[in-house]
Amino acid sequence: MRLRDLTRTSTFRLSLLYGLIFAFGLVSLLGLVYARSAIYLTHRVDGILATETDALARAPPGELERRIDEAASLGGDRTSIFGLFTADRRRIAGNLAAEPPGLTPGGPAVETPPSRAFPAPARLIARRLPQGEVLVVGRDVSQLQEMRSIIAGALIWSGAAVISIGLACGIALSLPPLRRLRRLQAACEDIAAGDLTRRLPTRTPGDELDTFAATVNYMLDEVERLMGEVKGAAETIAHDLRTPLTRARAQLHRLSQTPGAAPGELVRVTAELDDVLERFRVLMRISELEAHGRLSGFTQADLSGLVADAADLYQPLAEAGGVSLAWSAPAGVTAPADPKLLFEAVSNLLDNAIKFAGPGGRVDLALEDGPVQIVVTDTGPGIPATERAAVLQRFYRIERDRVKPGSGLGLSIVAAILRLHRFELRLEDAAPGLRAVIDCAPPTGART
Amino acid sequence: MGGGGWAFRSIGEAQTVGLARILIIEDDPETATEIADCLSAGGFSPEVSADGDEGLARALGEPFDAITLDRMLPGRDGLEVLRALRQAGSEAPVLMVSALGDVDDRVTGLRAGGDDYVVKPFAPAELLARLEVILRRRGPREDLKIAVSDLELDLVRREARRGGRRIELLPTEFKLLEYMMRNAGQTLSRRMIFEEVWEYYFDPGTNLIDVHVGRLRRKIDAGDGPPLFHTERGIGYRIDAP
């Protein structure tokens with residue numbers, strides 16, 4: 001099963017869509033949590049900084065330096081930052097080496113990366129005191145940043161996990177329906193190939209697909225019944241008429257042997273009967289082939305030998321009819337086929353070709369390798385382009401060829417045999433004459 | 001079973017030796033009558049059994065020279081009857097008669113122990129010809145040479161001679177001659193020849209077999225000797241001593 005097939009299934013697409021929606025929801029949720037918590041924590045830090053700044057700013061001027069140093073030394077863990085700078089940015093007191101750039105006195109809190117002034121990321125606030133000095137109060141925010149990156153990491157990883165789990169679930173969920181679909185498809189192909197006894201697989205208790213399959217099966221029952229009735233009627237007619245006709249033919253034959261009979265008349269009537277019998281033979285053979293369904297004798301058939309045998313079988317007939325039969329076949333050409341049936345098809349083509357070529361005519365039987373084709377060409381009158389499709393149907397014969405008994409009928413047997421093989425039969429103009437091509441490797445996908 | 005019937009060679013002879021008894025196991029009364037009439041006309045003594053169980057009992061209990069067996073029977077299927085018959089040790093030649101003409105059906109029929117297989121509808125002559133061949137075809141085929149009159153076929157050296165004259169034969173012609181000579185005196189239908197020599201089971205339709213036999217015939221009956229090939233009009237061919 002290819003991935004491409006998988007991605008085309010609706011289950012897979014639905015699973016993928018659900019996965020994406022869920023991932024989106026989850027990412028939004030985490031994003032919100034991240035944003036809210038980050039804002040809350042930052043606010044708290046800012047609040048503390050403002051409070052501390054206010055407290056220090058209210059201190060009497062002489063006290064300020066001492067208080068700052070005291071506060072800075074109390075924060076021995078160096079999480080608190082205090083700094084007092086002159087208006088021209090020289091340090092007066094505190095644990096901040098220099099006034100960090102980008103800090104506006106009276107402005108909003110600013111976050112700075114680790115720098116010479118303070119070796120950790122910090123959030124700082126600055127205020128200008130009445131005497132013109134600048135008071136800087138800050139906090140080490142590396143914990144806050146760690147927390148932010150933990151939340152961001154959780155967000156990314158959980159998003160990725162949700163998407164990949166969704167994808168995996170999509171594949172896992174799509175496989176069984178795809179396999180079922182394959183089974184349904186295989187059954188349908190068998191039915192299309194002529195096996196009307198085949199049914200779609202169903203399970204009990206079934207889902208909507210089983211209900212549908214059951215409906216199709218019911219439809220197939222009906223189709224099979226009707227086909228059976230039609231076929232049965234045709235076969236009964238052929239069978240019932242064939243027996244008395246065979247008897248009548250035998251009686252005519254005996255009659256023609258008796259002295260005093262009019263041989264010319266009898267021969268004509270016998271020929272007519274032969275024609276009718278030939279039609280029945282074709283009809284019944286096609287019924288048989290259609291009932292055949294699957295090819296049990298299917299094997300990698302040796303076409304080279306088959307073509308040689310067919311030429312060997314028909315050589316004397318061609319000679320007797322004044323037709324020169326030539327054949328060619330490269331050795332070792334094979335195709336998946338039922339050799340007995342394919343031989344019958346080639347025989348019918350040769351039989352027709354010899355009949356149509358007529359005395360002085362020529363018939364060529366050729367096996368071609370790559371693409372594998374069996375080609376029978378004759379120098380007969382050919383078949384008009386407009387009638388080529390029709391001659392492959394049961395019983396159709398071109399009007400002007402009615403003089404030749406049984407000619408052309410074999411083509412419908414050939415068509416039936418090749419349908420079983422899924423080979424293609426093409427009738428082409430050989431100018432003059434007919435070229436019948438059995439294409440043993442028709443383009444795949446034509447029927448699948 | 002009963003060996004008496006195998007000795008006769010043709011329809012005419014059969015009547016002098018005593019009628020060969022043939023059991024017809026066939027459920028369709030019309031077909032049964034048809035086969036029985038045809039066999040009576042051919043000089044056999046037919047008896048009809050309309051269902052599988054009864055037919056099997058009779059086939060095992062009475063000495064029949066051959067049996068024609070319908071492939072599809074009510075109660076016990078034709079194939080089952082045949083298998084039971086062979087399991088019980090009966091070696092009576094069995095001609096399967098069936099509406100199923102597929103190669104598969106034929107192969108299963110022959111594998112189950114049938115001697116030949118004829119597809120309905122059939123010409124009476126076809127049935128008779130096949131029955132006569134299976135009535136004779138009982139011995140092992142281990143000959144090194146077959147001879148009919150002055151025509152000799154050497155199966156080891158793969159060559160044919162007529163009155164000392166060597167006849168060049170193509171492989172198919174050799175097979176055809178061998179089949180006809182093995183069944184010398186028997187009329188072989190075109191379809192029987194096609195099935196046996198070419199091993200295909202469709203109806204070749206045209207006079208395909210006629211031209212093959214004709215070509216062989218011209219080679220064999222070319223000399224001054226009396227003709228060995230005989231045409232049975234409307235049925236087929238026969239090789240026979242003059």
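Residues numbered from 1 in each chain as written. Chains lettered and ligands numbered in written order. Predicted model: local features only at pLDDT ≥ 70, side-chain atom pairs only at ≥ 80, totals over all residues.

Caption draft 1: Representation of the overall build of chain A within the structure. Counting secondary structure elements, chain A contains 9 helices and 12 strands. Expressed as a percentage of the 448 residues in chain A, the buried residues total 26%. The long-range fraction of contacts in chain A, counting pairs at least 24 apart against all pairs at least 6 apart in sequence, stands at 62%. (Helix = DSSP H or I, 4+ residues; strand = E, 2+ residues; numbered from the N terminus. Buried ≥ 20, exposed ≤ 12 C-beta atoms within 10 Å, placed from the backbone. Contact = placed C-beta atoms within 7 Å.)

Caption draft 2: Local environment of the overall build of chain B. Looking only at helices and strands, one finds 9 helices and 12 strands in chain B. Counting across all 242 residues of chain B, residues that qualify as buried make up 41%. A sequence separation of at least 24 residues applies to 60% of the contacts in chain B between residues at least 6 apart.

Caption draft 3: Representation of the sheet that holds strand S11 (residues 229–232) of chain B in the model. All names here are of chain B. Taking strand neighbours across the sheet as the criterion, the 3 strands line up as S10-S12-S11 in an open arrangement whose pairing is antiparallel. One side of each edge strand has no neighbouring strand; the edge strands of this open sheet are strand S10 (188–189) and S11. Pairing of S11 with strand S12 (residues 236–239) involves 4 bridges; the strand directions are antiparallel. Within S12, the position partnered with Phe-229 by the bridge is Ile-239. (Pairing = 2+ DSSP bridges.)

Caption draft 4: Examining unusual backbone geometry more closely. All names here are of chain A. Note the cis peptide between Ala-431 and Pro-432, where omega equals -5 degrees. Relative to the helices and strands, Pro-432 is located in the loop between strand S11 (424–429) and strand S12 (434–439). The phi dihedral of Arg-422 falls on the positive side, at around 60 degrees, and the residue is not glycine. As for its position among the elements, Arg-422 is in the loop between helix H9 (410–421) and S11.

Caption draft 5: Summary view of the nonpolar core. Residues and elements named next belong to chain A. Core analysis: the biggest nonpolar cluster contains 111 residues, and Ala-310, Leu-350, Val-363 and Ile-417 have the highest contact counts within it. Of the residues forming this core, the biggest block, 11 residues, is contributed by helix H8 (residues 339–357). Once residues within four sequence positions are removed from consideration, Val-363 is found in contact with Ala-318, Val-323, Leu-325, Leu-350, Ala-353, Ile-354, Ala-357, Val-376 and Asp-378. Core analysis: the second largest hydrophobic core is formed by 20 residues, Ile-81, Phe-118, Leu-124 and Val-137 among them. (Core = buried A, V, L, I, M, F, W, Y, C linked by C-beta atoms within 7 Å.)

Caption draft 6: The arrangement of the packing of helix H7 (residues 171–182) of chain B against helix H8 (residues 190–198) of chain B in detail. Residues and elements named next belong to chain B. Between H7 and H8, the shortest axis-to-axis distance is 10 Å and the interhelical angle comes to 125 degrees. Taken together, the axes of H7 and H8 lie oblique to each other. Crossing of H7 against H8: the hand is right-handed. On H8, the residues that touch Thr-172, Lys-175, Leu-176 and Tyr-179 of H7 are Ile-193, Glu-196 and Val-197. (Axes fitted to C-alpha atoms, helices over the stretch in contact; angles between N-to-C directions. Parallel < 35°, antiparallel > 145°, perpendicular 65-115°, else oblique. Left-handed = near helix turned anticlockwise from the far one by under 90°.)

Caption draft 7: The confidence of the model for chain A, seen in detail. Taken over all residues, the pLDDT of chain A has a mean of 81, while the share at 70 or more is 91%. Across residues 397–403 of chain A, where pLDDT falls below 50, the model places 9 contacts with residues more than four positions away in sequence or in other chains. (pLDDT = per-residue confidence, 0-100.)

Caption draft 8: Structural view of the environment of Val-211 of chain B. Along the chain, Val-211 of chain B falls in helix H9 (residues 208–220). If near-sequence neighbours (up to four positions away) are discounted, Val-211 of chain B is found in contact with Pro-316, Leu-317 and Ala-320 of chain A.

Caption draft 9: The sheet that holds strand S1 (residues 80–85) of chain A, seen in detail. All names here are of chain A. An order of S2-S1-S5-S4-S3 is seen for the 5 strands of this open sheet, with the pairing classed as antiparallel. Two strands lie at the open edges of the sheet, namely strand S2 (91–94) and strand S3 (110–112), each paired on one side alone. Along the sheet, successive strands turn relative to each other by an average axial angle of 25 degrees, direction set aside. Pairing of S1 with S2 involves 3 bridges; the strand directions are antiparallel. Residue Phe-85 lies in a different strand from S2, and its bridge partner there is Arg-91. Helix-sheet contacts for helix H2 (residues 10–57) involve strand S4 (122–128) and strand S5 (134–140), and the interaxial angle to S5 is about 145 degrees. Across the sheet, helix H3 (residues 61–74) is in contact with S1 and S2; its angle to S1 comes to roughly 155 degrees.

Caption draft 10: Up close: H8 of chain A. Residue and element names in this part refer to chain A. Spanning 19 residues, H8 covers 26 Å between terminal C-alpha atoms, matching the ideal 27 Å at 1.5 Å per step. By the criterion of burial, H8 is predominantly enclosed, with 18 of the 19 residues buried. Gly-358 sits one or two residues past H8 and shows a positive phi near 70 degrees. (Expected span 1.5 Å × (residues − 1).)

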